[in-house]
Amino acid sequence: MIELKDVSFSYYKGAKALNNISLNIKKGELILLLGESGSGKTSLARTINCLVPKFFDGDFKGEVNVLGKPTKDLSMVDLSSMIGTVFQNPRNQFFTLDTTSELAFNLENHGINPELIKSRVFDIFNDLNINHLKDKDVYKLSGGQMQMIAIASACALNPEILVLDEPSANLDRSSISDLIELLKIFKSNKTTVIISEHRLYYLKDLVDRAFYIKDGEIKNIFKGYELYSMNDRKRLEYGLRSLNDDSIIIKNKPSEKDENLLEFKNLSVGYKKPLISKMNLKIESGEVLGIIGENGSGKSTLLNTISGLIKEISGEILFNGKKLNRRDRQKLCALVMQEPSYQFFMESVEKELTFGIKNYDENKLNKYLQDMNLKNIKDNDPLKLSGGEKQRLAILINLLDNKDVFLLDEPSSGLDYKNMLVISDEIKKLQEKGKIIIIISHDYELLSEVCTKIIYYNQGGFIKMT
């Protein structure tokens, strides 16, 4: 079905990403790619779907065969009908402005009969339980909703192979349940699925084999039952996330520093119409507030409003009793966006971190880079980093900005267990300094580690405190 023979690849002006990879994947297998951020998982996925070397420049060696054919002899048009792909960042694969057209786009490119296109698009919306996303502006969707549309679009041509890079990264619990059901359908239809993923619990009973990748090499291969029967000691040796269905168990306590107070009074946020209405909440220094809820319920919009990126619909935001306008909030808040690439402007990691800073302390900077596992890539282009590396860089940029309020939107997206703990430690350091921290996340492992309080949202804006 899929065969790689002695495949090595180095990105242009970059380190070697893959080193002598050989593997065989059978028809109908669900293969899981494991490993730390930057280990080569995404590069291997790109090799299987032939974006490497047909799209990404670099030094490529070896042979790749798909469905018995050498991929070097196949056009991207041919390959697109054989292999469906969901990127780590779904925004990078949209071609139209509305969700229904996006699902139809691939079918139209292959000259499918218009009546069949309508029928197929209708079936996809039903199969993925996303009828509520029909005819929506794709760029007004939440990150999780974009993820579901990207998955739906990849399924449009019923490809024999699907490559999914971090498909659960921004999904709420309900959407993950829908994804599980979809993967079951793929298995029953003998579709071959390759998933690069850090969140592992939802794939239990679905994985046939797992390839553990380190430094661009396959270091170990586990059968599905072998992976999910690992004890915690062995799991942590491999740096893997939880293997079982996770839940939030708050482990952290507020620090004793309470000199600052962030307050929302009857705060409503949204775009023309409120997504969250009349929110009243107080957050003190040394607290870490976690916000979870359905995709599209307004969580990111809330952070963008608090930070001053957008204007509130009504209500007030106060800091130590003083009402804040948007400019005040921009000075007060450090924001890590859901898509970190939006916050990068320079050509190297080091220049990104020192942008606008005169006479910076190089030793101090190197210590930060070391702590965040970024020192070895300080000369790399930020936009060419792995998803997890981008996430850590965006967080580090904000750590260097000594503000009183830190707003983190999905800060552990794309992070392996070790780097999730690195981020957890940095958040706790901010907490000890008396910072106010608000985190939006679907990552229950992270929330359990760092949060002192949790807010639950649903579409109606209902709030429940823990």
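Keep in mind that this is a model prediction, so the values were computed, not measured.

Q: I'd like a rundown of the overall build of the protein chain, residues and numbers included.
A: Check the secondary structure of the protein chain and you find 16 helices and 20 strands. Over its C-alpha atoms the protein chain spans a radius of gyration of 22 Å, differing by no more than 12% from the 23 Å that the globule rule assigns to 466 residues. Projected onto the principal axes, the alpha-carbon positions of the protein chain cover approximately 70 × 55 × 45 Å. Counting only residues that meet the buried cut, the protein chain has 57% of its 466 residues in that class.

Q: Quick one: what's the story with the packing of aromatic side chains, residue by residue and with numbers?
A: Here a ring pair, both rings aromatic, is described through the centre-centre distance and the interplanar angle of the planes. In this structure the tally under the stated criterion is 9 aromatic pairs. The interplanar angle of 80° and the centroid separation of 5.2 Å between the aromatic rings of Phe55 and Phe56 together place this pair among those described as edge-to-face. Residue classification places Phe56 among the partly exposed positions, given a relative accessible area of 22%. Through a chain of ring-to-ring contacts, three or more aromatic side chains come together here, namely Phe9, Tyr11, Phe55, Phe56 and Phe60. Directly above the ring of Phe56 sits Arg46, whose terminal nitrogen or CZ lies 4.0 Å from the centroid. Between Arg235 and the ring centre of Tyr417, over which it is positioned, the NZ or CZ distance is 5.7 Å.

Q: How would you explain the pairing of strand β10 (residues 217-223) if you had to name every residue and give the values?
A: Of the strand pairs in this sheet, strand β9 (residues 209-214) and β10 are connected by 6 bridges, and their pairing is antiparallel. Opposite Ile213, over in β10, you have Ile218 as the bridge partner. Connecting β9 to the antiparallel partner β10 that follows it, the hairpin turn spans 2 residues, and Asp215 within it adopts a positive phi of roughly 55°.

Q: With reference to specific residues and values, describe the layout of surface pockets.
A: The space that makes up the second largest pocket amounts to roughly 1,000 Å³. Of the residues contributing to the lining of the second largest pocket, the split by class is 9 nonpolar, 16 polar and 11 charged.

Q: Kindly report on the side chain of Asn49, identifying the contributing residues and their values.
A: Topologically, Asn49 is positioned in the loop between α1 (41-48) and α2 (51-54). Of note is the side chain of Asn49, whose polar atom sits 3.2 Å from the side chain of Thr85. Ignoring any residue separated from it by four or fewer positions in sequence, one finds Asn49 in contact with Ile83, Thr85 and Val163.

Q: I'd love a proper account of empty space enclosed by the protein, names of residues and values included.
A: As enumerated under the stated definition, the model contains 3 cavities of 30 Å³ or more in all. The computed volume of the largest cavity comes to approximately 80 Å³. Lining the largest cavity are 13 residues; nearest its centre among them are Ala169, Arg199, Ser412, Ser413 and Gly414. The residue makeup of the lining of the largest cavity, split by class, is 2 nonpolar, 5 polar and 6 charged. In this model, the second largest cavity occupies a volume close to 50 Å³. Taken together, Leu34, Gly35, Glu197, His198, Leu200, Gly239, Leu240, Arg241, Asp416 and Tyr417 make up the lining of the second largest cavity. Residues belonging to the lining of the second largest cavity are distributed by class as follows: 4 nonpolar, 3 polar and 3 charged.

Q: Got a sec to walk through the pattern of salt bridges? Specific residues and values, please.
A: What the rule picks out here adds up to 21 salt bridges. Ionic pairing is found between Lys184 and Glu181, a salt bridge with its closest N-O pair at 3.5 Å. Here the residue Lys184 and the residue Glu181 both occupy positions in helix α7 (residues 173-188), the gap between them amounting to 3 residues, near one helical turn. In this structure Glu181 comes out as partly exposed when scored by relative accessible area, which is 45%.

Calculation rules
Residues numbered from 1 in each chain as written. Predicted model: local features only at pLDDT ≥ 70, side-chain atom pairs only at ≥ 80, totals over all residues. Heavy atoms only, no water. Helix = DSSP H or I, 4+ residues; strand = E, 2+ residues; numbered from the N terminus. Rg over C-alpha atoms; globule rule 2.2 N^0.38 Å. Buried < 20%, exposed > 50% of the residue type's maximum accessible area, 1.4 Å probe, protein only. Phe/Tyr/Trp six-rings, centres within 6.5 Å; stacked < 30°, edge-to-face > 60°. Lys NZ or Arg CZ within 6 Å of the ring centre and 35° of its normal. Pairing = 2+ DSSP bridges. 1 Å grid on protein atoms, 1.4 Å probe; cavity = no way out; pocket = protein on both sides within 12 Å on 5 of 7 lines; lining within 4 Å. Points joined across faces, edges and corners; volume = space filled by probe spheres on them. Nonpolar A, V, L, I, M, F, W, Y, C, P; charged D, E, K, R; others polar. Polar contact = N/O pair within 3.5 Å; in protein donor to acceptor, adjacent residues only side chain to side chain. Contact = heavy atoms within 4.5 Å. Salt bridge = Lys/Arg side-chain N within 4 Å of Asp/Glu carboxyl O.

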